[in-house]
Each structure stands twice: as C-alpha cells, then as structure tokens.
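Listed below are the residues making up each chain.
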Amino acid sequence: MSASRVNARVRALRPSETLALSARARELRARGEKVVSFAAGEPDFETPASIQNAAIEAIRGGHHRYTEVAGTLALRTAIAEKLRRDSGVTYGPKEIVVGNGAKHAIWNALFTVLEPGDEVLCPVPYWVSFPEMVRLAGGMPVAVPPAPGRYKITVEDVERVRTPRTRLLILNSPNNPSGMVYTRDEVAALVELARRHDLLILSDEIYEKLIYGDARHTSPASLGEEARSRTIVINGVSKTWAMTGWRIGYAANTKLAPVFTRWVTNTDSCAPHPNQWAVVTALNADQGPSDHMRDVFLTRRDHIVAGLNRIPGFRCQTPGGAFYVWPNVTDACKRVGAGSSEELRKRLLHDAGVAVLADVHFGTPVEGEGQHIRFSYASSLPAIDEGLSRIAEFMKKNTR
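Residues numbered from 1 in each chain as written. Predicted model: local features only at pLDDT ≥ 70, side-chain atom pairs only at ≥ 80, totals over all residues. Heavy atoms only, no water.

Caption draft 1: Up close: helix 5 (residues 102–113). Taking 1.5 Å per residue, 12 residues should reach 16 Å; helix 5 reaches 17 Å between its end C-alpha atoms and fits that length. When helix 5 is considered as a whole, its buried residues turn out to be Ala-102, His-104, Ala-105, Ile-106, Asn-108, Ala-109, Leu-110 and Val-113. (Helix = DSSP H or I, 4+ residues; strand = E, 2+ residues; numbered from the N terminus. Expected span 1.5 Å × (residues − 1). Buried < 20%, exposed > 50% of the residue type's maximum accessible area, 1.4 Å probe, protein only.)

Set out below in structure tokens:
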C-alpha cells in the first residue's frame, strides 16, 4: 500500500469550474491577452468603508484571539436580529453557528445529517459545489430536473426522483446559475412535501438581498414552526456586502446548532475574530451601500439581458435575483457548428476572449431544454458592452 494513497472520495472530487475558469482568465490577462470575464460570482465593488474600519478598529482593540467556537455573542445576536427583521424567523444566538463562509456552513450541515448512501435532491441547474460536497459527506446527489424552460422544480418533479433513501432537499433561491426566485407558494409546496416525506431542507439564502422588481425572498423556515425545525438556513455576507474574501457565513437550526459547533471545535476552532466584528457592523449599520450595489446590479441585469437578446442565436429570460443570466444558446451552437455549450464556451474564450461557463458544470442539462451558458454580470457596464460586442462579432464571423 502506498503511503501517499489518496482517499477515493477525494480522488473523485472535481475542482470548482468557476474558480478554475477565473484563474484561467487571469493567466491569459497576465500573458497580455485581453479577456472579458463573466465567470466569477463575485461583486466587483469594494467592501463598504464602515465595515473595513470596523475590522481595523477590532484589531487595534485586541479582538484577534480565539472567539467562542460558534462565533461571538455579538455577531450571533446581530444575525438573529437580521433573520427576524428580513425573513420573519425567530432564532436565538444559541441556534446560530458562524463559519468560514457560507460554503463552510453547508459543509458542516451535510456532514452532520448525512449517512453513507443518503440521497440529496439537487434541483437543476445547481451551484457546482453542491454535489461535490454531498459526495464527500458520503451522500448521493440526485439531480431534480424541472420542466424545460422553467428553471424551478415542483413537487411533481421531486416525486419523480425521490426514493426511501432521500434525506435532504437543497433549495437555492435566488438561484445560481439561473437567477430564478421561488415564490412563497412554490416554497410552501416544497415545505409540505418535506413534511410528508420527513425530509430536511437546506436553504441556501446567500443571494436573498439581490432580488429585483416584484420578486420576493421566502425562507422555508418562515413557514411555521415545523418548517423552521426542518430547515437549515445557510447565509453569509459575501454577496450582499461585497465581502467574498472575509469568509464569514452561518447556519441556523435549533437542534443541529450544537452539532455544528462540535464540527467547528474539531476543524478550524472559530471564524476570524476581527472579521466577525466587521460583520456586526455590516448587519447593523446603514444598508445604503448594499442597496446601491443592488440597484447597480439591476441596471446591469436589464442591460445584459437586452444585449444578449440582440445577438442572433441567444435567447435570455430576465431573472428575478442574484447577478447571473442563463441564456439559451441552442441556436447559437447550431449557427457556429458547436456540438455543445461547452464547445461554444471554449471557442468564446479562445477566439473571442470572453470567459463564461457552460451548463454542463451546473448539472446534467434538462432533456428538451437545449444548451445554456452562464454569465455573471458582476462587471462594469463598459465590460459588459465589450464582452457582448466580442460575442456578436464572433457569431457574425463564424455563422455558417
């Protein structure tokens, strides 16, 4: 037996295509090539100055040691108030556990509730890391395809794939990569299904503040006490306050919080102390900067949707939230002789200098739905215009 043998689950682990493509775009730029990247799910804004200053003051004030494992009481209290204020859900500080980003909180939750072979329902399209983390935790990710063109699952879609081994349903609204937002009635129907079949719901609410127009966020935990007990609320500060590198997220659930705390005790001890103080400011201070960021994203959303729909071969719905669009490129692939959205993605990168992600990285494409690619519009309007111009020129040049 080799001393350097790697665990089979780790050998099967696939890297994040989002991060890999972002790194590739940076490499091309470093070589002097001009690349417009729509790959990264990261706001292009600075963290608000008040939050930066809070971290600096925390360091100078001596807040740079271990904290309570679950997070500082001040932060967990601020999170509890935020959940009450924004989602209408009541949690106490002891029911909330702070982690190193929302991804870490999801990791803790999956390792806590899954036994080997348990099935986890992943609505298609889904964030690239969901199935990988499920597999690492010993579970089995099960894709839940919706009706073509709908991008949201229904109870009937779940019933088609649910089995006695099903343990957990993942709900991500607004969704990455489609930007679609589940209505209150749609969430309520899925909550009732979870009750009927004794399922847990992992509710990834990281984009909840980036919602536009008439769309509204509904946390499953807000739909009654039983729904609250079945729901593991996951959230963080990366998207709302442009704090991706600060790595602060959290999970909320009454019965499971003590178990999440044991995970943190035996893995990373606590989240960064000064960053936790900064997040208290983010949650409690004036929300003007994050509201402004949302308004800018709304302008960009409308701009990129209109621009994509002017390019022959692209059909783009208007999403209700997040900062992604998910255009159908079936006709575009046919026009340029691309056998798949992945081939189109590669050609756009190497021939047009535009970085996007293909649907194959977000779950098996839904039968009858065609090909899609994901654009992140966390870029300036000039960058969006430049990227769209390059794509239009590529299509014009290569259409057969």
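Once the structure has been displayed, the description carries forward.
Caption draft 2: Quick peek at the environment of Val-89. Mapping Val-89 onto the fold places it in the loop between helix 4 (73–87) and strand 2 (96–99). On the accessibility criterion, Val-89 (3% relative accessible area) is buried. A C-alpha to C-alpha distance of 5.2 Å links Val-89 and Ser-222, two positions 133 residues apart in sequence. For Val-89, the residues in contact, after removing those within four places along its chain, are Leu-83, Arg-84, Ala-221, Ser-222 and Arg-228. (Contact = heavy atoms within 4.5 Å.)

Caption draft 3: View of the pattern of salt bridges. What the rule picks out here adds up to 26 salt bridges. For Asp-198, the salt bridge identified is with Arg-230, shortest N-O distance 2.9 Å. Taken together, the residues Asp-198 in the loop between helix 8 (184–197) and strand 6 (200–204) and Arg-230 in helix 9 (residues 225–230) connect sequence positions 32 residues apart. Classification of Arg-230 as buried rests on a relative accessible area of 14%. Linked through salt bridges whose partners overlap, the residues forming this network are Lys-82, Arg-85, Asp-86, Glu-208 and Lys-209. (Salt bridge = Lys/Arg side-chain N within 4 Å of Asp/Glu carboxyl O.)

Caption draft 4: Just the packing of aromatic side chains, in detail. Under the criterion given, the structure shown has 11 aromatic pairs. Through pairs of rings, three or more aromatic residues link up here, namely Phe-45, Tyr-207, Phe-297, Phe-323, Tyr-324 and Tyr-377. Sitting over the face of the ring of Tyr-182, Lys-152 holds its NZ or CZ atom 5.8 Å from the ring centroid. (Phe/Tyr/Trp six-rings, centres within 6.5 Å; stacked < 30°, edge-to-face > 60°. Lys NZ or Arg CZ within 6 Å of the ring centre and 35° of its normal.)

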